[in-house]
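# Examining the three-dimensional arrangement
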There are 2 protein chains.
Amino acid sequence: MLYQKVLNGDKRSLARLMRFVDDRVIGYEKEMKQILPKCGKAHFIGITGSPGAGKSTLTNELIKHYRKLGKRVGVVAIDPTSPFSEGAILGDRIRMAEHSQDDGVFIRSVATRGHLGGLSSSAVEIALLLDAAGYDIIIIETVGVGQDEVEISTVSDTCIVVTVPGLGDDIQAIKAGILEIADIFVVNKADKDEANRTARDLEIMLELSQKKDWIPPIIKTIATKGEGIFELVENIENHKAKFKPKHSERLFFVAKQYLIEKIEKKIFSYDKIIDKLNINGDPYSLVEKIFDSLTYEIDFTD
Amino acid sequence: MLYQKVLNGDKRSLARLMRFVDDRVIGYEKEMKQILPKCGKAHFIGITGSPGAGKSTLTNELIKHYRKLGKRVGVVAIDPTSPFSEGAILGDRIRMAEHSQDDGVFIRSVATRGHLGGLSSSAVEIALLLDAAGYDIIIIETVGVGQDEVEISTVSDTCIVVTVPGLGDDIQAIKAGILEIADIFVVNKADKDEANRTARDLEIMLELSQKKDWIPPIIKTIATKGEGIFELVENIENHKAKFKPKHSERLFFVAKQYLIEKIEKKIFSYDKIIDKLNINGDPYSLVEKIFDSLTYEIDFTD
């Protein structure tokens, strides 16, 4: 079994198991069953925001900073690549280069898989593997707006939303959507003219929001120059100190996705369903028929 | 029942049923069961791409153009707003203003709902309602990268990916991911300096891709000036002529989401699951227990 080596921090075995998990290689669950109960020590940082906001650069700066503090850092970079493309692997190579010599850093890219959309289950499982392997800080970097962001906030202990001056009208809608999910706002590329206006816009929206237990700070950074990173880390630590980790939520996320996977694979066969839909064109009655035929009995006592 | 009025094209009833569907008001399925079998006439156009690419402006130009051709146009705008915010409604007001006097246009915004991520089921159901209500062209506009885009391509007959010059490094990853899902590429804001380089980048990536049955054209537009829209529509029509509509795929998408909703609501209760996970920390064994307890019997004969 791989899990022993992974728990002992063997990088090669870790990478191998990550691949098994990501490709759903038969038997990966056996390993995970041994490993997940050992998780729950790391601090999970989610980094999300629009394309071109400079999230990767920011992630690299955070790695450097936490390494200086002697922390081991794992990164899961979720690239918006298709299930077919090799983009994720490419992402790896580019990012690995800078830290390839550092044994305290492990970076893994994951394609946004899964016809379920949003954050893929394997992305979270891979992040949990880094936790089990003894990395102190785990950064989940995701390119995306909307649902991806909502999910990243449910599985990360501290969720950082990176925005950037002057991305156009849509940014307004995005801001409206991210108020509930951001623990910290970063206005990157703060040397741009519109940076102050962007920060002000955020402040105004924050005043309108309902959050009482934590007012998300707005940090201006110039990631390419490493500016603002110290203040960012300070705020991450403040947030960490104030809230309990979301380990159970991460496990719940994995459980839910796993059940859906099983149901789709075993119960919901595409061809059969399509044939039926071509006849009567009514998905609701069909699903109710399937669902009513499901009976379940779960023993919650043991 | 509302469905009769909706099928007769009554806008108020249509808007009302859309709200029922989006809010999952009890009984909405009854109406949908009557309506969905009547769908399948409209051409579904998906428009996706990065924030700030000018998708809304492009959508508005397409509306104008198709109206000139005497086509009735329905739009579903999926805003990356949180389940709690009212952003989607705001989106409505802004967009409605321009076409509020035109009986041949119906625009509805939908928040990216659903903890399942990606394209929400109600977004597709609302688009199907527009189909049933007799709109000829249905535009689904979604802000997002990654999974949202993959899903929009599975439910739209012609999928347009809008990109824009100089959105930074992430754009590379996005391009890699959208090759499989784009039927047509639009390089908007084509008056920007880097427009030609962006178009060239796309051409190069297309040459590397495997698509044989259809090479996605790359259209340069300046949506704010209405430039390039005629060529865009020409290419939409070419694509439409070449491929069969994805009506069954849309119904399948709805069916799948509906089954998952039911299972989450009835079988997968958050509190119970969390309690168990807090004890043993092993989601896989828990889910297998639940799944093994499911038995199903579906009659596919009638």
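Residues numbered from 1 in each chain as written. Chains lettered and ligands numbered in written order. Predicted model: local features only at pLDDT ≥ 70, side-chain atom pairs only at ≥ 80, totals over all residues. Heavy atoms only, no water.

### A look at the overall build of chain A
For clarity, the cut-off: Under the scheme used here, helices are H or I runs from DSSP no shorter than 4 residues and strands are E runs no shorter than 2 residues, and both carry numbers assigned from the N terminus. Type-normalised accessible area, obtained with a 1.4 Å probe on protein chains alone, sets the label of each residue: buried when under 20%, exposed when over 50%, and partly exposed for intermediate values. Whether two residues are in contact is decided by their heavy atoms, any of which lying within 4.5 Å being enough. Here the open area of atoms and residues is found with the Shrake-Rupley method and a 1.4 Å probe, where only the protein chains shown may cover a residue.
Scanning chain A from N- to C-terminus turns up 13 helices and seven strands. Buried residues in chain A amount to 61% of all 302 residues. Here the analysis covers contacts within chain A between residues at least 6 apart in sequence; of these, 78% occur between residues at least 24 apart. Working note: accessible area of chain A is about 12,100 Å², and carbon and sulfur atoms make up 53% of it.

### Here we look at the pairing of strand S5 (residues 158–163) of chain A
Residue and element names in this part refer to chain A. Keep this limit in mind: Only strands joined by at least two bridges in the DSSP assignment are considered to pair.
For S5, a buried count of six out of six residues is recorded, marking the element as mostly surrounded by other parts of the structure. Of the two faces of S5, both are covered, the one formed by Thr158, Ile160 and Val162 as well as the one formed by Cys159, Val161 and Thr163. Summarising the sheet, strand S1 (residues 43–49) and S5 pair through four bridges and their orientation is parallel. Across the sheet, residue glycine 46 finds its bridge partner in S5, namely cysteine 159. Here S5 pairs with strand S6 (residues 184–187) via four bridges, running parallel. Bridge assignment links isoleucine 160 to a residue of S6, and that residue is isoleucine 184.

### Points about unusual backbone geometry
One non-glycine residue, A:Lys189, lies in the positive phi region at around 55°. Topologically, A:Lys189 is positioned in the loop between S6 and helix H9 (195–208).

### Focus: the side chain of B:Asp157
Residues and elements named next belong to chain B. Here is the rule we go by: Residues adjacent in sequence count toward polar contacts only when both atoms are side-chain atoms; beyond that, a polar contact is any pair of N or O atoms within 3.5 Å, and within protein one must be able to donate a hydrogen and the other to accept it.
Relative to the helices and strands, aspartate 157 resides in the loop between helix H7 (147–155) and strand S5 (158–163). Here aspartate 157 falls in the buried class, since its relative accessible area comes to 6%. A distance of 3.1 Å separates a polar atom in the side chain of aspartate 157 from a polar atom in the side chain of arginine 250. Beyond its immediate sequence surroundings of up to four residues, aspartate 157 is in contact with Ala42, His43, Phe44, Asp183, His239, Pro245, Lys246 and Arg250.

### Here we look at the pattern of salt bridges
Pairing of side chains with opposite charge becomes possible as their charged atoms draw close. Residue and element names in this part refer to chain A. Which entries qualify depends on this criterion: What makes a salt bridge here is a side-chain nitrogen of Lys or Arg within 4 Å of a carboxyl oxygen of Asp or Glu, nothing more.
For the structure on display, the rule yields 18 salt bridges over all chains. Here arginine 24 makes a salt bridge to glutamate 125, at a shortest N to O gap of 2.9 Å. With arginine 24 in the loop between helix H2 (11–23) and helix H3 (28–35) and glutamate 125 in helix H6 (residues 121–132), this residue pair connects regions lying 101 residues apart in the sequence. With its nearest N and O atoms 2.8 Å apart, the salt bridge here joins arginine 24 to glutamate 261. Of this pair, arginine 24 sits in the loop between H2 and H3 while glutamate 261 sits in helix H11 (residues 247–266), placing them 237 residues apart in sequence. Because the salt bridges share partners, they merge into one network encompassing Arg24, Glu125 and Glu261.

### Description of the nonpolar core
Put simply, the test is: Only buried Ala, Val, Leu, Ile, Met, Phe, Trp, Tyr and Cys residues count toward a nonpolar core, and they belong to the same one when joined by side-chain atoms within 4.5 Å.
Formed by 129 residues in total, the largest nonpolar core has its most connected members in A:Leu14, A:Leu129, B:Leu14 and B:Leu129. Beyond its immediate stretch of four places on either side in the chain, B:Leu14 contacts B:Val6, B:Phe106, B:Leu129, B:Leu130, B:Ala133 and B:Tyr135.

### Concerning the packing of helix H4 (residues 55–68) of chain B against helix H10 (residues 229–242) of chain B
Residue and element names in this part refer to chain B. Rules: Lines fitted to C-alpha atoms define the axes here, with helix axes fitted over just the stretch in contact, and angles between the N-to-C directions of these axes take values from 0 to 180 degrees. Any angle from 65 to 115 degrees is called roughly perpendicular, while one under 35 is roughly parallel, one over 145 is roughly antiparallel, and all others are oblique. Under the scheme applied, nonpolar residues are Ala, Val, Leu, Ile, Met, Phe, Trp, Tyr, Cys and Pro; charged residues are Asp, Glu, Lys and Arg; polar residues are all the others, including Gly.
Where H4 meets H10, the axes come as close as 10 Å, and the angle between the chain directions of the two elements is 75°. By the angle class used here, H4 and H10 are roughly perpendicular. Contacts between H4 and H10 involve Leu58, Glu61, Leu62, His65 and Tyr66 on the former and, on the latter, Ile229, Phe230, Leu232, Val233, Ile236 and Glu237. Classifying every residue of the contact of H4 with H10 gives eight nonpolar, one polar and two charged.

### A look at helix H13 (residues 283–292) of chain B
Summarising burial for H13(B): seven of the ten residues are buried, a large majority. The secondary structure elements touched by the buried residues of H13(B) are H3, H6 and H11 of chain A together with helix H12 (270–280) of chain B. N-cap assignment for H13(B): the residue whose side-chain oxygen lies 2.9 Å from the backbone N of B:Tyr284 is B:Asp282.

### Digging into the packing of aromatic side chains
One pair of aromatic rings is described through two measures. These are the centre distance and the angle between the planes. The cut-off we apply is this: Centre distance within 6.5 Å is the pairing criterion for rings of Phe, Tyr and Trp, where only the six-membered ring of Trp is used; planes under 30 degrees apart are then read as stacked, over 60 as edge-to-face, and the remainder as tilted. Whether a charge sits over a ring comes down to the Lys NZ or Arg CZ being within 6 Å of the ring centre and within 35 degrees of the ring normal.
With the rule as written, the count across this model stands at eight aromatic pairs over all chains. Ring geometry for A:Trp214 against A:Phe243: centres 6.0 Å apart, planes inclined by 80°, an arrangement best described as edge-to-face. Of this pair, A:Trp214 sits in the loop between H9 and strand S7 (218–220) while A:Phe243 sits in the loop between helix H10 (229–242) and H11; the two residues are 29 residues apart in sequence, bridging distant segments of the chain. Among the aromatic residues, ring-to-ring pairing joins A:Tyr28, A:Tyr258 and B:Tyr284 into one connected group. For A:Arg250, the ring lying beneath its charged end belongs to A:Phe44, and the centroid distance is 3.6 Å. We note B:Arg72 situated over the ring of B:Tyr135; from NZ or CZ to the ring centre the distance is 4.3 Å.

### Structural notes on the confidence of the model for chain A
All names here are of chain A. Filter applied, for reference: You can read pLDDT as the predictor saying how much it trusts each residue, on a scale of 0 to 100.
In this model, chain A carries a mean pLDDT of 82, and residues with pLDDT of at least 70 account for 81%. The secondary-structure element of chain A with the lowest mean pLDDT is helix H8 (residues 170–178), recorded at 53, while H10 shows the highest, at 97. Here residues 81–93 is a poorly scored stretch, pLDDT under 50, and it has 24 contacts once near neighbours within four places are set aside; other chains count. Note on the complex model: pTM 0.70, ipTM 0.75.

### Observations concerning helix H12 (residues 270–280) of chain A
Every α-helix carries 3.6 residues per turn, so stepping three or four residues along brings you back to the same face. The condition that has to hold: The arc in question is traced by the directions running from the helix axis to the C-beta atoms.
When we look at burial in H12(A), the residues that qualify are A:Ile273, A:Ile274, A:Lys276 and A:Leu277. Buried residues of H12(A), seen end-on, are gathered within an arc of 165° and therefore sit on one face of the element. Seen from the open side of H12(A), the exposed residues pointing more than 90 degrees away from its buried face are A:Asp271 and A:Ile279. Of the surrounding secondary structure, the elements contacted by the buried residues of H12(A) are helix H13 (283–292) of chain A together with helix H11 (247–266) of chain B. One or two positions beyond H12(A), positive phi appears at A:Gly281, with a value near 60°.

### Digging into the packing of H2(A) against H3(A)
All names here are of chain A. Short version of the rule: The sense of a crossing depends on the near helix, which, turned anticlockwise from the far helix by less than a right angle, makes the crossing left-handed and, turned clockwise, makes it right-handed.
Where H2 meets H3, the closest approach of the two axes is 9 Å, and the angle between their N-to-C directions is 120°. On the basis of their axis angle, the class for H2 and H3 is oblique. As for how H2 packs across H3, the hand of that crossing is left-handed. Residues Leu17, Phe20 and Val21 of H2 touch H3, and the partners they reach there are Tyr28, Glu31, Met32 and Ile35.

### Topic: the pairing of strand S1 (residues 43–49) of chain B
The buried fraction of S1(B) is high, at seven of seven residues. The two faces of S1(B) match: B:His43, B:Ile45, B:Ile47 and B:Gly49 on one face and B:Phe44, B:Gly46 and B:Thr48 on the other face are all buried.

### Topic: the environment of A:Leu2
Residue and element names in this part refer to chain A. Counting through the fold element by element, leucine 2 comes out in the segment before helix H1 (3–7). Residue class for leucine 2 comes out buried when judged on its relative accessible area of 7%. Along the primary structure leucine 2 and proline 217 are separated by 215 residues, whereas in three dimensions their C-alpha atoms are 42 Å apart. In contact with leucine 2, not counting residues within four places along its chain, are Ser13, Arg16, Leu17, Phe20 and Glu31.

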